[in-house]
Amino acid sequence: MPDAKKTVALVNGTGRQAASVIRAVTSLGWKVKAQVHSMEGLVAEELEELEGVTLLEGSLLDNPVLIDALFEGAQVAFINTFPNAGDEVKIGKALANAAKKRGIQHYIYSSMPDHSTHNPHWPALPMWASKFTVENYIRQLGLPATFVYAGIYNNNFTSLAYPLFCMDFKDDDTLEWRAPFHPDTKLPWLDAEHDVGPAVLQLFKEGPKKWNGHRVALAFENLTPNQVCVAFGRALARPCRYVFDPNIEIKVPIPAGYREQLAGIEVLFGRFNAPYFPGPEFQYPSKGRGSGETVTAARRSSETIRSKPKKLTSEARELWGGYRGIEEYAREVFPLEEEANGKDWMTAKKVST
């Protein structure tokens with residue numbers, strides 16, 4: 001029997017995660033009700049043209065009418081709240097309450113960890129800790145829910161002078177990435193636009209009977225910064241060098257909240273070399289930076305400990321095997337995004353690696 005078609009409620013519909021989910025579910029004929037902050041822009045125009053998509057424009061903060069309308073007629077939901085949209089905890093709780101009231105059958109929330117709950121010396125990153133607070137509220141509310149933890153976006157890289165993921169083109173036509181991540185510590189990666197949607201779709205299809213209460217790392221590769229630079233170098237036929245720098249240089253104006261986030265990243269990863277995803281659900285090297293040995297970990301939840309540990313990327317790859325790795329991204333997509341940003345390095349002479 002074919003899968004029953006569902007209606008999916010989403011927020012921040014033009015964001016990379018939600019837009020990926022919309023593209024994936026509508027390809028199977030599912031319907032979508034998505035909140036967007038503005039109907040303007042290329043992504044909003046694209047989504048509006050997809051069959052079965054209804055876009056609801058407006059802010060979520062103190063807007064119970066829009067929130068209730070979002071869940072009306074929906075059976076499942078993918079919720080990735082956005083800190084710059086207002087009080088994320090308040091919005092997250094209001095969305096969860098409305099979903100509970102409307103009887104949402106599977107609520108997938110895009111969460112992140114609060115590192116301070118794992119080690120008293122680790123700071124809580126403000127743009128992540130608020131999501132963790134909402135996650136705990138959803139658990140207390142008793143919604144049938146799954147919590148996905150997105151790794152670092154391949155799509156974060158740019159040659160624009162943005163902090164943390166600037167892939168800097170030097171005068172000698174080489175590349176340099178400078179960040180506070182230790183060079184040999186593995187980090188989780190995914191291509192948000194390409195891979196979030198298919199993975200979330202599979203979670204919906206398998207349902208809360210299998211995934212209720214579980215945390216799932218949406219990470220399809222587990223690579224060190226040095227390995228990332230090797231991949232970029234191969235893809236772009238330019239030498240690429242990683243430079244560990246515990247201080248993040250800020251060259252352009254950024255929101256105040258993001259500045260606090262970056263300051264926390266300097267401490268958490270630059271000083272303490274903390275795991276990106278802490279906790280018993282995930283795996284990390286058991287000794288030394290870059291060690292291939294792992295510690296026993298829970299596969300999905302703190303309540304279900306596996307006797308045999310699995311790699312951090314295992315669950316994501318089981319959900320979606322057609323992921324786009326960072327080398328493919330750098331070769332096929334990065335030049336297109338750079339061109340859209342007005343860059344022309346892709347037409348210049350390349351230095352052989």
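Residues numbered from 1 in each chain as written. Predicted model: local features only at pLDDT ≥ 70, side-chain atom pairs only at ≥ 80, totals over all residues. Heavy atoms only, no water.

1. Regarding the side chain of Thr146
No. 1: Looking at the secondary structure, you find Thr146 in strand 6 (residues 145-150).
No. 2: Within the structure, Thr146 has its side chain in polar contact with the side chain of His106 (distance 2.8 Å).
No. 3: Ignoring any residue separated from it by four or fewer positions in sequence, one finds Thr146 in contact with His106, Tyr107, Ile108, Tyr109, Leu203, Trp211, Asn212, His214 and Val216. (Helix = DSSP H or I, 4+ residues; strand = E, 2+ residues; numbered from the N terminus. Polar contact = N/O pair within 3.5 Å; in protein donor to acceptor, adjacent residues only side chain to side chain. Contact = heavy atoms within 4.5 Å.)

2. Details of the confidence of the model for the protein chain
No. 1: Summing up the model confidence of the protein chain, the mean pLDDT is 90 and the portion of residues at 70 or higher is 90%.
No. 2: Here residues 284-308 scores under 50 on pLDDT; set against residues more than four positions off or in separate chains, the count is 53 contacts. (pLDDT = per-residue confidence, 0-100.)

3. Some remarks on the sheet that holds strand 9 (residues 175-179)
Whether parallel or antiparallel, the strands of a sheet pair through hydrogen bonds between backbone atoms.
No. 1: As summarised here, the arrangement of the three strands in space is 8-9-13, forming an open sheet in which the pairing is mixed. Strands at the two margins of the open sheet, each flanked by one partner only, are strand 8 (167-169) and strand 13 (240-244). Ignoring strand direction, the axes of neighbouring strands in this sheet form an average angle of 30°.
No. 2: The pairing of strand 9 with strand 13 spans five bridges and is parallel. Bridge pairing in strand 13 links Glu176 to Arg241.
No. 3: Helix 8 (residues 225-236) rests against strand 8, strand 9 and strand 13 of the sheet, and its axis sits at about 160° to strand 13. (Pairing = 2+ DSSP bridges. Axes fitted to C-alpha atoms, helices over the stretch in contact; angles between N-to-C directions.)

4. Brief notes about the side chain of His182
No. 1: The residue His182 is located in the loop between strand 9 and strand 10 (187-190) in this model.
No. 2: A polar contact of 3.2 Å, which involves the side chain of His182, links it to the backbone oxygen of Gly270.

5. Considerations on the packing of aromatic side chains
No. 1: Inspection of every chain in the model, using the stated rule, returns 25 aromatic pairs.
No. 2: A centroid spacing of 6.3 Å and a plane angle of 40° characterise the contact between Trp30 and Phe204, whose relative ring orientation is tilted. Highlighted residues: Trp30 in the loop between helix 1 (16-26) and strand 2 (31-36) and Phe204 in helix 6 (residues 192-206), separated in sequence by 174 residues. Like Trp30, the residue Phe204 is buried in the burial classification.
No. 3: Where Phe220 meets Tyr323, the ring centres are 5.4 Å apart and the plane angle is 25°; that geometry is what we call stacked. Placement of the pair is Phe220 in the loop between strand 11 (215-218) and strand 12 (221-223) and Tyr323 in the loop between helix 10 (314-319) and helix 11 (326-332), with a sequence separation of 103 residues. (Phe/Tyr/Trp six-rings, centres within 6.5 Å; stacked < 30°, edge-to-face > 60°. Buried < 20%, exposed > 50% of the residue type's maximum accessible area, 1.4 Å probe, protein only.)

6. Let's talk about the sheet that holds strand 5 (residues 106-111)
No. 1: Taken in spatial order, the seven strands line up as 3-2-1-4-5-6-11 in an open sheet, and their pairing is parallel. What marks the edges here is a single partner per strand, and that holds for strand 3 (53-57) and strand 11. Going across the sheet, the axis of each strand differs from the next one's by a mean of 20°, ignoring polarity.
No. 2: Bridge analysis of strand 1 (residues 7-10) against strand 2 gives four bridges, and the strand direction is parallel. The residue of strand 2 that forms the bridge with Ala9 is Lys33.
No. 3: Sheet contacts for helix 4 (residues 88-101): strand 4 (76-79) and strand 5; angle to strand 5, the most-contacted strand, approximately 170°.

7. Here's the deal with unusual backbone geometry
No. 1: Although it is not a glycine, Asp62 sits at a positive phi angle of roughly 55°.
No. 2: Among the structural elements, Asp62 can be located in the loop between strand 3 and helix 3 (64-71).
No. 3: A residue is classified by how much of its surface remains accessible, and Asp62, at 57% relative accessible area, is exposed.
No. 4: Phi at Ala237 is positive, roughly 55°, even though this residue is not glycine.
No. 5: Note that Ala237 resides in the loop between helix 8 and strand 13.

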